[in-house]
Amino acid sequence: MSASSLVAESVWGSIESTRSVTDEQLSILHFLFGKNFERATRIVDQKGVKRISSEPAGRSVFQVVGESRRKEEYFCFAEHYCACYSFFYDIVNKGEQLCCKHQLAARLAAAVGACIEVKVSDEQLAQLLAKL
């Protein structure tokens with residue numbers, strides 16, 4: 001794990017434990033993620049993050065609204081994967097970013113309790129994930 005990733009994980013851990021964000025934490029995350037973090041905060045402010053959780057298993061995936069006019073929604077796992085183009089181009093292919101704005105928005109919304117919570121059955125979640 002890179003030094004940047006370790007710093008980010010430390011900051012995320014602090015935010016998750018207090019369910020709030022300080023100006024210092026915002027500055028650190030902005031330094032690490034730049035414009036992607038700015039865009040992620042806009043998505044969170046606009047209530048663009050849903051956490052879809054299955055019952056009774058409790059598994060979940062995030063559905064995050066994009067910023068284009070079409071308001072596309074992307075499924076993502078905050079720490080590992082996003083279905084958006086940027087994830088594959090900038091992160092997987094080029095390795096230029098640690099994560100995309102949708103992952104950051106999901107992580108931030110979950111950390112501060114700003115997700116729209118949606119409950120589905122285990123079968124419904126499996127069907128959603130099968131489409132990825």
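Please read all numbers here as calculations on a predicted model, not as lab measurements.

**Remarks on the overall build of the chain**
In step 1: Scanning the chain from terminus to terminus reveals 6 helices and 5 strands.
In step 2: Seen in sequence order, the chain has helices and strands lined up from the N terminus as α-α-α-β-β-β-β-α-α-β-α.
In step 3: Over its C-alpha atoms the chain spans a radius of gyration of 15 Å, differing by no more than 12% from the 14 Å that the globule rule assigns to 132 residues.
In step 4: Contacts in the chain between residues far apart in sequence, at least 24 positions, make up 56% of those at least 6 positions apart.
In step 5: For the chain, the exposed area adds up to about 7700 Å²; of that, 51% sits on carbon and sulfur atoms.

**Observations concerning the side chain of Q63**
In step 1: You can see Q63 is positioned in strand β2 (residues 60-65).
In step 2: In this structure the side chain of Q63 is engaged in a polar contact, spanning 2.9 Å, whose partner is the side chain of E73.
In step 3: Ignoring any residue separated from it by four or fewer positions in sequence, one finds Q63 in contact with G48, V49, K50, I52, E73, Y74 and F75.

**Examining helix α5 (residues 101-112)**
In step 1: The terminal C-alpha atoms of α5, which comprises 12 residues, lie 16 Å apart, in line with the 16 Å expected from a rise of 1.5 Å per residue.
In step 2: The buried count for α5 comes to 11 of 12 residues, which makes it a mostly enclosed element.
In step 3: What α5 keeps buried is the set K101, H102, Q103, L104, A105, A106, R107, L108, A109, A110 and A111.

**Some points on the nonpolar core**
In step 1: Of all hydrophobic cores here, the largest spans 31 residues; its most connected members are W12, F33, V49, F62 and V64.
In step 2: For this core, the secondary structure elements donating two or more residues are α1 (3-18), α2 (23-33), α3 (35-45), β2, β3 (73-77), α4 (85-93) and α5.
In step 3: At 7 residues, α5 tops the list of elements feeding residues into this core.
In step 4: Setting aside residues no more than four positions away along its own chain, F33 makes contact with A8, W12, Q97, L98, C99 and L104.
In step 5: Residues I52, V61, F75 and V120 belong to the second largest nonpolar core, which totals 5 residues.

**Structural notes on the pairing of β3**
In step 1: Bridge count for β2 against β3 is 4 bridges, and the pairing is antiparallel. Bridge assignment links F62 to a residue of β3, and that residue is C76.
In step 2: Examined bridge by bridge, β3 and strand β4 (residues 81-82) share 2 bridges and lie antiparallel to one another. If you follow C76 over to β4, its bridge partner there is C82.
In step 3: Following β3, the chain reverses through 3 residues before pairing antiparallel with β4.

Criteria and thresholds
Residues numbered from 1 in each chain as written. Predicted model: local features only at pLDDT ≥ 70, side-chain atom pairs only at ≥ 80, totals over all residues. Heavy atoms only, no water. Helix = DSSP H or I, 4+ residues; strand = E, 2+ residues; numbered from the N terminus. Rg over C-alpha atoms; globule rule 2.2 N^0.38 Å. Contact = heavy atoms within 4.5 Å. Areas by Shrake-Rupley, 256 points an atom, 1.4 Å probe, with all protein chains shown as cover. Polar contact = N/O pair within 3.5 Å; in protein donor to acceptor, adjacent residues only side chain to side chain. Expected span 1.5 Å × (residues − 1). Buried < 20%, exposed > 50% of the residue type's maximum accessible area, 1.4 Å probe, protein only. Core = buried A, V, L, I, M, F, W, Y, C linked by side-chain atoms within 4.5 Å. Pairing = 2+ DSSP bridges.

The values are spatial; any link to function lies outside them.
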